[in-house]
Amino acid sequence: MTMSRGMLTLGVLVAGLVASVSARVTRPEIRLSDAAARTLLSASDHTYKVHEKVPLYANKVGPFHNPSETYQYYDLPFCPSEGGAGYKPEDLGEVLEGDRMVGTPYDVSFRVDRDNESLCRKELNAKDLKKFRKAVKDDYYFQMYYDDLPIWGFIGKIEKILKPGQPEMRYYLFTHVHFDIAYNNDRVIEINVSTDPLRTVDITDGDSVNVEFSYSVKWKETHIPFDRRMEKYSRYSFLPQHLEIHWFSIINSCVTVLLLTGFLATILMRVLKNDFIKYSRDDEVAEEQEETGWKYIHGDVFRFPRNISLFCAVIGTGTQLFAMVLFVFMLALVGVFYPYNRGALLTACIVLYALTSGIAGYVAANNYRQMGGENWVRNVLLTGSLFCGPMFITFSFLNTVAIAYRSTAALPFGTICVILIIWGLVTFPLTVLGGIAGKNSKSEFNAPCRTTKYPREIPSLPWYRRALPQMCMAGFLPFSAIYIELYYIFASVWGHKVYTIYSILFIVFIILVIVTAFITIALTYFQLAVEDHEWWWRAVYCGGSTGLFIYGYCFYYYYARSDMSGFMQTSFFFGYMFTICYGFFLMLGNIGFRASLIFVRHIYRAIKCE
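Note that the structure is a prediction, hence the values are computed from the model and not measured. (Residues numbered from 1 in each chain as written. Predicted model: local features only at pLDDT ≥ 70, side-chain atom pairs only at ≥ 80, totals over all residues. Heavy atoms only, no water.)

Engineer: I keep staring at the overall build of the protein and nothing clicks. Help me out?
Structural biologist: Scanning the protein from terminus to terminus reveals 17 helices and 12 strands. Sorting the 610 residues of the protein into buried and exposed places 50% on the buried side. (Helix = DSSP H or I, 4+ residues; strand = E, 2+ residues; numbered from the N terminus. Buried < 20%, exposed > 50% of the residue type's maximum accessible area, 1.4 Å probe, protein only.)

What follows is the structure, given as structure tokens:
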């Protein structure tokens, strides 16, 4: 009971830390005016009166094909807001996504039409023109939020003028923005933004250009209810033909699962049945046969693996990640992660990882004690750093790159401190508490067969039965069951699509788990059949090898299916995907080992071991 109260207290603490960070991760030196405060009060329930100002925040700008390379809106010389830019307080997940919401000078009041309203007149000097030219050349977009509805637009356009000899590239800056807004009673339902291609300024040449920025607003009534206003973004992201591809992917995966289970049911079970009959014969018949097969390594099959501390840490961390993924799916299926609920997924991952760290400590320490380990402190420390360590190293490098680029992807110092506090006050203590509970657990391993004092020599095996070829075979089948869905996931994470079909994704995840378990069982049987009793680590390698295939797919996606470029985007893509695939390796390796352990216990319990 004391430990349960302690975990509950830590859970409340991490929730309070995440909730309180929203007021501290942005710029504390900038305070909102009284009018802005009243606007935020109205925006909290999304109801407005006629002529009441609706908050319009600019979020960020950046190259369209490099989603991680984002910059603050006023890094480009746009018209400044009157009285200085007011930054909107943001929560932890929004800051992690690189959001930096800042006020704009646009006056888009509720149900007030405007026609060709001047925003400001500016003289762009050579430095300003250089920034805008680079933005137009790199296909920069801007993102804004109007009453929490996202809108996007482009900074400018490039035109190729054909001339004798060599074509000439001209850079044009959009100077007029038009807002089309739909309302239902006193609520904003939909907003679209467009730029006028005829109202541009040529910024190709010269050191100084006079520019007038302007905008217009058009309101129209709609009958779409407020609670359905986010459905537009889901429909835009996945059209009916895309949905058909999703279902085709699931059917393809289900066929793969049925074929695999059919293979195991017919081949393995028949082979095992023959094995059971052969091993159950009388001694007279047994004398005439050569001693081969998995029965004759019964004295070694439950011999604990090398590096048991690392092995138990892998199993504990993999169990934690599996539990965290299941909890994330539960939140997704009940509708927590609706489109453009900014940062909700990242916040949920951080909180759930912190709260499930006790699972890793308990599982690792409990297995370590069962295997005869004594240095449980070292085991707990290894478990707590097995995933966090590589992730922290990767984050440190990538955050340094983002700081060098002056990108919004660089986390502020205050946010880093909050994450470290969550790890120090919640994640690590829960890991230690779980380790103490696992160390004091009374459960035993209870192997069906007694382990001999000296290990049996493993016979010479052909090359295709070694670890690396087995991993290739084990990872290919689960990867083939999910690779169609991977494209849509990558297009969402590393693009501008929105993934909302979590039910389909959950089905694909369950298929992945089943296929991984079955293929690892099959390969474990084949390994034991040739009298190779060192199956513990091999089961982890074979189960987790799908993570290596996913990382290999990253190279294909980057070079063949995307237009990402530049050192920052490349390092972010391969750096963070390495961390994700490493997590998949640990999670699926744990699944592969547990499935193999159940199978090995079952077959050796069914025979008489002397």
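Engineer: What am I meant to see in the sheet that holds strand β9 (residues 176-184) here?
Structural biologist: Two orientations exist for strands paired in a sheet by backbone hydrogen bonds: parallel and antiparallel. Within the open sheet, the four strands sit side by side as β4-β12-β9-β10. Their pairing is mixed. Looking at which strands have only one partner, the edges of the open sheet turn out to be β4 (114-124) and β10 (187-195). Within the sheet, the average angular offset between the axes of one strand and its neighbour, ignoring direction, is 20°. Strand direction decides the pairing type here: β4 and strand β12 (residues 209-221), joined by eight bridges, are antiparallel. From the neighbouring strand, C120 faces β12, where its bridge partner is F213. Each of β4 and β12 is contacted by helix α4 (residues 126-137), which is oriented at about 120° to β4, the strand it contacts most. (Pairing = 2+ DSSP bridges. Axes fitted to C-alpha atoms, helices over the stretch in contact; angles between N-to-C directions. Contact = heavy atoms within 4.5 Å.)

Engineer: Would you take a moment to explain the pairing of strand β8 (residues 168-174) for this structure?
Structural biologist: Looking along a regular strand, one sees side chains alternate from face to face of the sheet. In terms of burial, β8 is a largely internal element, five of the seven residues being buried. As paired elements, strand β7 (residues 156-161) and β8 share six bridges and run antiparallel to each other. Within the sheet, the bridge partner assigned to K157 lies in β8 and is Y172.

Engineer: How should helix α17 (residues 567-605) be read in this particular structure?
Structural biologist: For α17, spanning 39 residues, the distance from its first C-alpha to its last is 56 Å, which sits close to the expected 57 Å at 1.5 Å a residue. When you tally the buried positions in α17, you get 28 out of 39 residues, the bulk of the element. (Expected span 1.5 Å × (residues − 1).)

Engineer: What is the right way to look at helix α8 (residues 308-333) in this model?
Structural biologist: In an α-helix, one turn spans 3.6 residues, which is why side chains three or four residues apart end up on the same side. Between its first and last C-alpha atoms α8 spans 37 Å; for 26 residues at 1.5 Å apiece the expected length is 38 Å, and the two agree. Where α8 terminates, the next one or two residues include G335, which has phi positive at roughly 90°.

Engineer: Would you mind going over the pattern of salt bridges with me for this structure?
Structural biologist: Close approach of charged atoms allows side chains of opposite charge to pair. Counted under the stated rule, the structure contains 16 salt bridges. The residue R306 makes a salt bridge to E534 at a minimum N-O spacing of 3.5 Å. You can see R306 sitting in the loop between α7 (283-287) and α8 and its partner E534 sitting in the loop between α15 (502-529) and α16 (536-561), a full 228 residues away along the chain. Accessibility expressed as a relative area gives 60% for R306, which makes it exposed. On the basis of relative accessible area, E534 is assigned to the partly exposed category, the value being 38%. D532 is paired through a salt bridge with R538; the nearest N and O atoms lie 3.6 Å apart. Taken together, the shared-partner salt bridges in this structure form one network comprising E168, R170, D202 and D205. (Salt bridge = Lys/Arg side-chain N within 4 Å of Asp/Glu carboxyl O.)

Engineer: Hey, could you run me through the sheet that holds β7 in this one?
Structural biologist: Pairing is antiparallel across the open sheet formed by three strands, whose spatial order is β7-β8-β11. Looking at the sheet topology across the chains shown, the edges are occupied by β7 and β11 (200-202). Taking each pair of neighbouring strands and ignoring which way they run, the sheet shows an average axis angle of 35°. Running over the sheet, α4 touches β7 and β8 and is turned about 105° from β8.

Engineer: Hey, could you run me through the packing of aromatic side chains in this one?
Structural biologist: How two aromatic rings sit relative to each other is set out by the distance from centre to centre and by the angle between their planes. Using the criterion set out here, one finds 58 aromatic pairs in the structure. Above the ring of Y172, the side-chain terminus of K157 is found at 5.9 Å from the ring centroid. (Phe/Tyr/Trp six-rings, centres within 6.5 Å; stacked < 30°, edge-to-face > 60°. Lys NZ or Arg CZ within 6 Å of the ring centre and 35° of its normal.)

Engineer: I'm lost on the packing of helix α10 (residues 357-370) against helix α13 (residues 413-439) in this one. Help?
Structural biologist: Relative orientation and spacing of two packed helices are given, respectively, by the angle between their axes and the distance between those axes. At a minimum axis separation of 6 Å, α10 and α13 run at an interaxial angle of 30°. Regarding the angle of α10 to α13, the classification is roughly parallel. Crossing angle aside, the handedness with which α10 passes α13 is right-handed. Contacts between α10 and α13 pair S357, G358, G361, Y362, A365, N366 and R369 from the former with V426, T427, L430, T431, G434, G435, A437, G438 and K439 from the latter. A per-class count over the contact of α10 with α13 returns five nonpolar, nine polar and two charged. (Parallel < 35°, antiparallel > 145°, perpendicular 65-115°, else oblique. Left-handed = near helix turned anticlockwise from the far one by under 90°. Nonpolar A, V, L, I, M, F, W, Y, C, P; charged D, E, K, R; others polar.)

Engineer: Looking at this structure, how should I read unusual backbone geometry?
Structural biologist: The phi torsion of most residues other than glycine is negative, and most of the peptide bonds are trans. In this model, D139 sits at a positive phi of 60°, which is unusual for a non-glycine residue. Mapped onto the elements, D139 comes out in the loop between α4 and β5 (140-146). In the Ramachandran plot, N307 falls in the positive-phi region, its phi being about 55° despite a non-glycine side chain. By the element assignment, N307 lies in the loop between α7 and α8.

Engineer: I tried to follow the environment of R114 on my own but got confused; where do I start?
Structural biologist: Mapped onto the elements of the fold, R114 is located in strand β4. Judged by relative accessible area, which is 18%, R114 ranks as buried. It is 9.4 Å that separates the C-alpha atoms of R114 and H178, two residues lying 64 residues apart in sequence. Apart from the residues lying within four places of it in its own chain, the contact partners of R114 are D107, S109, Y215, S216 and V217.

Engineer: Just to check I follow, could you spell out the side chain of R229 for this structure?
Structural biologist: Here R229 shows up in the loop between β12 and α5 (231-237). For R229, a relative accessible area of 8% translates into the label buried. There is a polar contact of 3.0 Å between the side chain of R229 and the backbone oxygen of D147. A polar contact is formed between the side chain of R229 and the backbone oxygen of V188, at a distance of 2.9 Å. (Polar contact = N/O pair within 3.5 Å; in protein donor to acceptor, adjacent residues only side chain to side chain.)

Engineer: Explain the packing of helix α14 (residues 467-493) against α15 here, please?
Structural biologist: Two elements in contact, α14 and α15, have axes separated by 9 Å at closest approach and are oriented at 175°. Judged by the angle between their axes, α14 and α15 are roughly antiparallel. Every residue of α15 that contacts α14 at Q470, M473, A474, L477, P478, A481, I482, E485 and I489 is listed here: I504, L505, V508, I511, L512, V515, T516, I519 and L523.

Engineer: When you look at the nonpolar core in this model, what are you seeing that I'm missing?
Structural biologist: Within soluble globular proteins, side chains that are nonpolar generally end up buried alongside one another. In terms of nonpolar packing, the biggest core is built from 86 residues, with F490, L528, W535, F573, F593 and Y604 touching the most fellow members. If you list the elements that add at least two residues to this core, you get α6 (240-279), α8, α9 (344-355), α10, α14, α15, α16 and α17. With 16 residues, the single largest contributor to this core is α17. Lining this core are residues from two domains, each supplying at least three of them: domain 2 (245-279 + 466-609) and domain 3 (307-447). Formed by 48 residues, the second largest nonpolar core is a distinct cluster that contains L56, F110, L124 and F179. (Core = buried A, V, L, I, M, F, W, Y, C linked by side-chain atoms within 4.5 Å. Domains from an automatic or database assignment.)

Engineer: Looking at this model, I keep getting lost on the confidence of the model for the protein. Mind explaining?
Structural biologist: Counting all residues, the mean pLDDT for the protein is 85, and 85% of those residues have values of 70 or more. Contacts of residues 1-41 to residues separated by more than four positions or lying in other chains number 50 contacts, the stretch itself having pLDDT below 50. (pLDDT = per-residue confidence, 0-100.)

Engineer: Looking at this structure, how should I read the environment of P412?
Structural biologist: With respect to the element layout, P412 can be found in the loop between α12 (388-405) and α13. What makes P412 partly exposed here is its relative accessible area of 25%. Between the C-alpha atoms of P412 and N399, which are 13 residues apart in sequence, the distance is 9.6 Å.

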